[in-house]
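As a plain string of letters, each chain reads:
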Amino acid sequence: MVTSSQVKEINLLKASESELVALSQKHLLSLDLKEMKAIQRHFQRLGRNPTDCELETIAQTWSEHCVHKTFKAVINYHDGLEKRTRKVVCLNEIARVTRRLRKRWCLSVFQDNAGIIEFTDGWAVAFKVETHNHPSALEPYGGAGTGVGGVIRDILGVGLGAKPILNTDVFCFGPLDFSAEELPEGVLHPRRIFKGVVSGVRDYGNRMGIPTANGAIIFDPGYVYNCLVFCGTVGIMPENKIFKKVSVGDLIVVAGGRTGRDGIHGATFSSASLNKNIPTSVVQIGNPIVEKKLLDVLMVARDLNLYRAITDCGAGGLSSAIGEMARDTGAVVWLERVPLKYADLAPWEIWLSESQERMVLAVPPENEERLVSLFQNEDVEATVIGQFTDSGQLLLKYHDHTVGELNLNFLHHGLPRRKLQAYFHPRPPARITPENVEWKETLRQLLTDPVIASKEVVIRQYDHEVQAQTIIKPLTGVEQSGPSDAVVLKPLAESWAGVVVGCGINPFYGEIDPYAMAGCSLEEAIRNVVCVGGDPFRVALLDNFCWGETSQPESLGRLVRCVEGCRDFALAYGAPFISGKDSLNNYFRKEDGSVSSIPPTLLISALSTIPDVRKACTSDLKKPGNNIYLCGVTREEFGGSRYYHLFHCPGGQVPLPRPAETRPLMKKLYQAIRNRWVAACHDCSEGGFIVALSEMVIGGTWGAEVDLTKVNGQPLKIDACLFSESQGRFIVEVEQEHQEKFESLMEGQPVGLVGRVLPESFLTVKLGQEILFQFTIQELARSWKGAIGW
Amino acid sequence: MQKLIWLVEVFYRPEVTDGAAEAIRKAVEELGISVVEKVWTSSLYRLEGMLERTSIVRIARELLTDPISQKYRLGFPQRPGAWSVQVWYKPGVTDTVAETTQKAILDLGINTPVTVATGRCYFFQGKLRENILVSIARALLANELIEIFQVYQPSRGKKNGDQQSGKRN
């Protein structure tokens, strides 16, 4: 029986504007007045009030998390550089890149749970990166763990399902030594968040048997109140399994974990700002063992063609999953059939719950018995809870009572498009520059900067060997202590072809120039791929925007500027976007009403291929006597650099990528690596040339001598040679027997022979004949490896 | 038979390093609290069902304890002279280890319905007061959004726990 306490009618028809706003707040709907009025008008036309189930379903489907209202909004954007106003839709700008580039190897973009590109021999790879910021800020272990679990399910639910082969993790935290006294009530200390998040990612990924082998960690006071947790998963699938289609009459089957009260309102909650009054129910706790069993049985069911479509239960739970699958058909759902963890759930709670480890399948009736029995044999629950219909309606039943009936056209197309205002004004250039710099001490301090320092303490906790496919691992060199630029996997036993994954993130540039940040992040991701031998002309990109208070025109203006950077540089590098996600409203409202927003943050992840993993390259120096080249042009670009950060110099010229200069260089470098003329390759990023070279020395445990007068881009000051973060630069080690061929290949490129690898255990930096400073390898390693403790 | 509630405590043997305890001790120091001399940790399992003592012993010995590195004890967890903090999930929060334990009990062939909850216990030795332990619990041990914690004073008289004290109606 359905009781009035289980299904409530929400009095919407006669509600005033202020009552509509109050209703949205009371039910945690995160809908604005315009959206509430659209819902009111819809139900006025129907001549009845909505039920709680219906209103909650609309709120979930229309949440920022699910439908990306800001990215789809028409923004009246005033550009302070061009001094004119124009209309921009952010999503269109990103999608335009992919449309214009028309890469035939892009198999499925922006339409499914993940982007899919062609791999080799009838196989495809899918990649998705999600954020789980709000949950991780509140319950770091559970929040980060379910972030991993969620993105794995995205991969299980892309096309007809891909097998996860890699997890990636990128985090932004507050400084680990942040003063505890400064934290307001309800905010966890960055160190606790750091440990909890890493443990959560570790335990979910390791227990699922998926290697976690690529990532980055950023520390900045801007992330004290809102940490960022980006979780990515790469999956492999046969090319003939990349499309799905629901047929009318298919049964709706929910498989995997049971449904409880956990995680209710996750989608709407993630669309709101954080404060100290958060209900317990928004927190989800994951169970990787359940998801592992689900993964294994799904792969079998997929290959037996037992289902026609699949998707994951993520934000919004069944309401989002079934609402999305039934978009072009209709559906009836019998909520009382959903397996529950405990008995007293109201119908709307069953429908909205974000309990983890659940997938929804569209199963032809004739396959029901085989599918359910297969799942039972593998100890995974699979239950028929409804059927797809041709009604165009989403009908929710509970013990024969109708608890909701929604028009799918209204649900998916009724959301009023937002119209927003934004403006961007460039910041004035900095006037302070570092003075009386002691080079050796500066390098030492940069190596201990947590943004630059070794993340070994984190990396070692992840299993990056499981599945036995990881060719280039996160740490490299004779003692496995140097950093790798990207991960290389060999996912097929019968092929030498490899998958390459890298990433780029630098919010410090975004504070000054979000356009340049977009370019730098994008180029860094591609550079990382190139360093290990990946194909620079076959790079697919994923964008993840994390922004603060986008209701503020200035903040939104930076977002638009960043999106335009993504568009322009992706086009220039010929790298299409295949998937993306935005997490907005990452700000914290303090008790006194003041707001703390995160720095504008963009993560670009790059997915590429390498024809033969045996030709992959690492960053550690290999042999004394080899030449060291610095490829690319160094300029005085210090804005947002770690060098300026160290000396508290705000502003400055942010590095700007120059694709016309860098693309030909990448092409030649790719060829040189394929020809096996390159012994080691590493890109220059945070900290500049000398930090990158130090990392190569630490990895290789060989010394090196470099002469700064040989750095391309003269005349340069010493600090620019050492610490500028100019883009498009690679440090390349080449054996002397390949010197002629390498230099001939690189003719016309900005390549300087700056030094050589030495058998002595010193890094020696010279200016002509003058020795500027020397560091022992042990000193370098101690500084770089000892900065982040557990 | 009546439904009984049993409390099983699983902890490391003295010769085995308790890594979690060491991490907590260091973290307490980082909080600026220097009066903690020693820390121990243990895992807690609260089992409710119509279970005989023999079944509980079997569950504790065969399922919950790694006999190489761990020992178990039935009853209220305590160490002589040490304060303790127990941390448990709030009702309704998913407890995955408890779910797995329930399933594993069935796999042992014990078919009585058992409800399991899991928790953690931290023991602290030193010149402590309740408010210090509350600070430690809030900063390091429990997330009050999903967990509750309780601080217990050092017991006087009882040694190593009373095996029967965990058995309540």
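Residues numbered from 1 in each chain as written. Chains lettered and ligands numbered in written order. Predicted model: local features only at pLDDT ≥ 70, side-chain atom pairs only at ≥ 80, totals over all residues. Heavy atoms only, no water.

**Student:** Could you clarify how one ought to interpret the overall build of chain B in this entry?
**Tutor:** A count of helices and strands for chain B gives four helices and six strands. Since a compact globule built from 169 residues should have a radius of gyration of about 15 Å, the 16 Å found for chain B is in line with a globular shape. Referenced to the eigenvectors of the C-alpha coordinate spread, the extents of chain B come out at roughly 50 × 35 × 30 Å. Each of the 169 residues in chain B was classed as buried or not, and the buried ones make up 46%. Of the contacts formed within chain B by residues at least 6 apart in sequence, a portion of 83% connects residues at least 24 apart. Taken as a whole, chain B presents about 8,800 Å² of accessible surface, with 49% of it coming from carbon and sulfur. For chain B, the separation between the mean place of its 23 positive charges and that of its 18 negative charges on side chains is 6 Å. (Helix = DSSP H or I, 4+ residues; strand = E, 2+ residues; numbered from the N terminus. Rg over C-alpha atoms; globule rule 2.2 N^0.38 Å. Buried < 20%, exposed > 50% of the residue type's maximum accessible area, 1.4 Å probe, protein only. Contact = heavy atoms within 4.5 Å. Areas by Shrake-Rupley, 256 points an atom, 1.4 Å probe, with all protein chains shown as cover. Lys, Arg positive; Asp, Glu negative; His and termini not counted. Charge placed at Lys NZ, Arg CZ, Asp CG, Glu CD.)

**Student:** Just checking my understanding: could you explain empty space enclosed by the protein for this structure?
**Tutor:** Gaps left between atoms show up when a probe the size of a water molecule is rolled over them. All names here are of chain A. Enumeration according to the criterion identifies six cavities of 30 Å³ or more in this entry. Each pocket or cavity is described by its volume, and for the largest cavity that value is around 710 Å³. Surrounding the largest cavity, 37 residues form its lining, Gly215, Ala216, Lys455, Pro483 and Ser484 being those nearest its centre. Breaking the lining of the largest cavity down by element, the ones donating at least two residues are strand E7 (212–219), helix H17 (456–459), strand E21 (498–505), helix H19 (514–531), strand E28 (678–683) and helix H23 (688–700). The greatest single-element share of the lining of the largest cavity, amounting to seven residues, is contributed by E7. Of the residues in the lining of the largest cavity, the class split is 20 nonpolar, ten polar and seven charged. Inspection of the lining of the largest cavity shows a minimum of three residues originating in each of domain 1 (89–243 + 488–616) and domain 2 (435–462 + 618–790). (1 Å grid on protein atoms, 1.4 Å probe; cavity = no way out; pocket = protein on both sides within 12 Å on 5 of 7 lines; lining within 4 Å. Points joined across faces, edges and corners; volume = space filled by probe spheres on them. Nonpolar A, V, L, I, M, F, W, Y, C, P; charged D, E, K, R; others polar. Domains from an automatic or database assignment.)

**Student:** How do you make sense of the packing of helix H8 (residues 140–156) of chain A against helix H11 (residues 288–303) of chain A when you look at a structure like this?
**Tutor:** In helix packing, the relevant descriptors are the interaxial angle and the interaxial distance, both defined with respect to the helix axes. Residues and elements named next belong to chain A. For the pair H8 and H11, the least separation of the axes is 11 Å and the interaxial angle reads 5°. Considering the angle they form, H8 stands roughly parallel to H11. From H8, Gly149, Ile152, Arg153 and Leu156 reach across to H11, where they touch Glu291, Leu295, Leu298 and Met299. Considered class by class, the residues forming the contact of H8 with H11 number five nonpolar, one polar and two charged. (Axes fitted to C-alpha atoms, helices over the stretch in contact; angles between N-to-C directions. Parallel < 35°, antiparallel > 145°, perpendicular 65-115°, else oblique.)

**Student:** What is the right way to look at the pattern of salt bridges in this model?
**Tutor:** A side chain of one charge can pair with a side chain of the opposite charge if their charged atoms are brought near each other. All names here are of chain A. Under the counting rule described, the total for this entry stands at 55 salt bridges over all chains. A salt bridge links Glu118 to Arg538, with the nearest nitrogen and oxygen atoms 3.2 Å apart. On the criterion of sequence distance, the pair formed by Glu118 in strand E4 (residues 115–118) and Arg538 in the loop between H19 and strand E22 (540–546) is long-range, its members being 420 residues apart. The two residues Glu118 and Arg538 agree in class, both being buried. A salt bridge links Lys473 to Glu465, with the shortest nitrogen-to-oxygen separation between them at 2.9 Å. Beyond isolated ion pairs, a larger network of salt bridges with shared partners links Asp79, Glu82, Arg84, Arg86 and Glu564. (Salt bridge = Lys/Arg side-chain N within 4 Å of Asp/Glu carboxyl O.)

**Student:** Got a minute to help me understand the nonpolar core in this structure?
**Tutor:** The tendency in soluble globular proteins is for nonpolar side chains to be buried as a group. All names here are of chain A. Leu541, Phe545, Phe730 and Val732 are the most contacted members of the largest nonpolar core, which has 68 residues in total. When residues in this core are grouped by element, the largest group, eleven residues, is from H19. Composition of this core by domain shows at least three residues from each of domain 1 (89–243 + 488–616) and domain 2 (435–462 + 618–790). Beyond its immediate stretch of four places on either side in the chain, Phe545 contacts Phe71, Ile94, Leu559, Cys562, Val563, Cys566, Lys581, Asp582, Ser583, Thr601 and Leu602. Counting 53 residues, the second-largest nonpolar core is a separate cluster that includes Met36, Ala309, Trp348 and Phe410. (Core = buried A, V, L, I, M, F, W, Y, C linked by side-chain atoms within 4.5 Å.)

**Student:** Mind showing me how you'd approach the confidence of the model for chain B here?
**Tutor:** In low-pLDDT segments, the atomic positions of the prediction should not be examined closely. With 92% of its residues at a pLDDT of 70 or more, chain B shows a mean pLDDT of 88. Every residue in residues 157–169 of chain B scores below 50 in pLDDT, and together they form 30 contacts with partners more than four places removed in sequence or on other chains. (pLDDT = per-residue confidence, 0-100.)

**Student:** Just checking my understanding: could you explain the interface of chain A and chain B for this structure?
**Tutor:** Often, the extent of an interface is quoted as the loss of accessible area on bringing the components together. Contact with chain A, which involves 18 residues of that partner, is made by 17 residues of chain B. The interface formed by chain A and chain B includes two salt bridges. In this structure, B:Lys103 engages A:Asp379 in a salt bridge whose closest nitrogen and oxygen atoms are separated by 3.3 Å. Put simply, chain A and chain B have six residue pairs in polar contact (both at pLDDT 80 or more) between them. Split into classes, the residues belonging to the side of chain A that touches chain B amount to eight nonpolar, three polar and seven charged. (Polar contact = N/O pair within 3.5 Å; in protein donor to acceptor, adjacent residues only side chain to side chain.)

**Student:** Can you help me understand the sheet that holds strand E20 (residues 487–489) of chain A in this one?
**Tutor:** Sheet strands pair via backbone hydrogen bonds, and the direction of the pair is either parallel or antiparallel. All names here are of chain A. If you walk across this open sheet you meet the six strands as E17-E20-E21-E26-E22-E23, and the pairing is mixed. The outermost strands of the open sheet, each flanked by one partner alone, are strand E17 (470–472) and strand E23 (577–583). Averaged over all neighbouring strand pairs, the angle between strand axes comes to 20°, with direction disregarded. When E17 meets E20, the two strands line up antiparallel, connected through two bridges. Bridge pairing in E20 links Thr470 to Leu489. Its contacts with the sheet put H19 on E21, E22, E23 and strand E26 (601–610), and the angle it makes with E21 is roughly 150°. Contacting E22, E23 and E26, helix H20 (residues 553–573) crosses the sheet at an angle of about 170° to E22. (Pairing = 2+ DSSP bridges.)

**Student:** Would you mind showing me how to read the sheet that holds strand E1 (residues 74–79) of chain A here?
**Tutor:** Residues and elements named next belong to chain A. Taken in spatial order, the three strands make up an open sheet running E2-E1-E16, and their pairing is mixed. The sheet is open, and its two edges are formed by strand E2 (84–88) and strand E16 (419–424), each paired on a single side. Each adjacent strand pair in this sheet contributes to an overall mean axis angle of 20°, direction not counted.

**Student:** Looking at this structure, I do not really get the state of the cysteines. What am I missing?
**Tutor:** Disulfides are covalent bonds that link the sulfur atoms of two cysteine residues. Residues and elements named next belong to chain A. Tallying each qualifying case throughout the model produces zero disulfides over all chains. Here Cys106 is not cross-linked by a disulfide; its sulfur's nearest cysteine counterpart is in Cys566, at 16 Å. The cysteine Cys684 is free of any disulfide, with Cys531 supplying the nearest cysteine sulfur at 8.8 Å. (Disulfide = S-S within 2.5 Å.)

**Student:** Explanation requested: H20(A) in the structure shown.
**Tutor:** Because an α-helix packs 3.6 residues into every turn, residues spaced three or four apart end up facing the same way. All names here are of chain A. In a regular helix each residue adds 1.5 Å, so 21 residues correspond to 30 Å; H20 covers 30 Å between its end C-alpha atoms and thus fits that length. Counted residue by residue, H20 has 16 buried out of 21 residues, so it is predominantly covered. Looking at the residues trailing H20, positive phi occurs at Gly574, about 65°. (Expected span 1.5 Å × (residues − 1).)

**Student:** Help me understand unusual backbone geometry, please; the structure alone is not making it clear to me.
**Tutor:** Generally, phi is negative for residues other than glycine and the peptide bonds are trans, each holding for most cases. Residue and element names in this part refer to chain A. Its identity as a non-glycine residue notwithstanding, His68 has a phi of 55°, on the positive side. Mapped onto the elements of the fold, His68 is located in the loop between helix H4 (64–67) and helix H5 (69–72). A positive phi angle, close to 55°, is found at His648, a residue other than glycine. Inspection of the secondary structure puts His648 in the loop between helix H21 (642–646) and helix H22 (659–674). Using a relative accessible area of 68% as the deciding quantity, one classes His648 as exposed.

**Student:** What's the story with the pairing of strand E10 (residues 309–312) of chain A in this structure? I'm lost.
**Tutor:** On a regular strand, each side chain points to the face opposite its neighbour's, so the side chains alternate between the two faces of the sheet. All names here are of chain A. Neither face of E10 is open: one carries Ala309 and Thr311, the other Ile310 and Asp312, and all of them are buried. Bridge count for E10 against strand E12 (residues 358–363) is four bridges, and the pairing is antiparallel. The partner of Asp312 across the bridge, within E12, is Met359.

**Student:** What is the right way to look at the environment of A:His27 in this model?
**Tutor:** Residue position: A:His27 is located in the loop between helix H1 (17–26) and helix H2 (33–46). Sequence spacing of A:His27 and A:Phe243 is 216 residues, and the spatial spacing of their C-alpha atoms is 37 Å.

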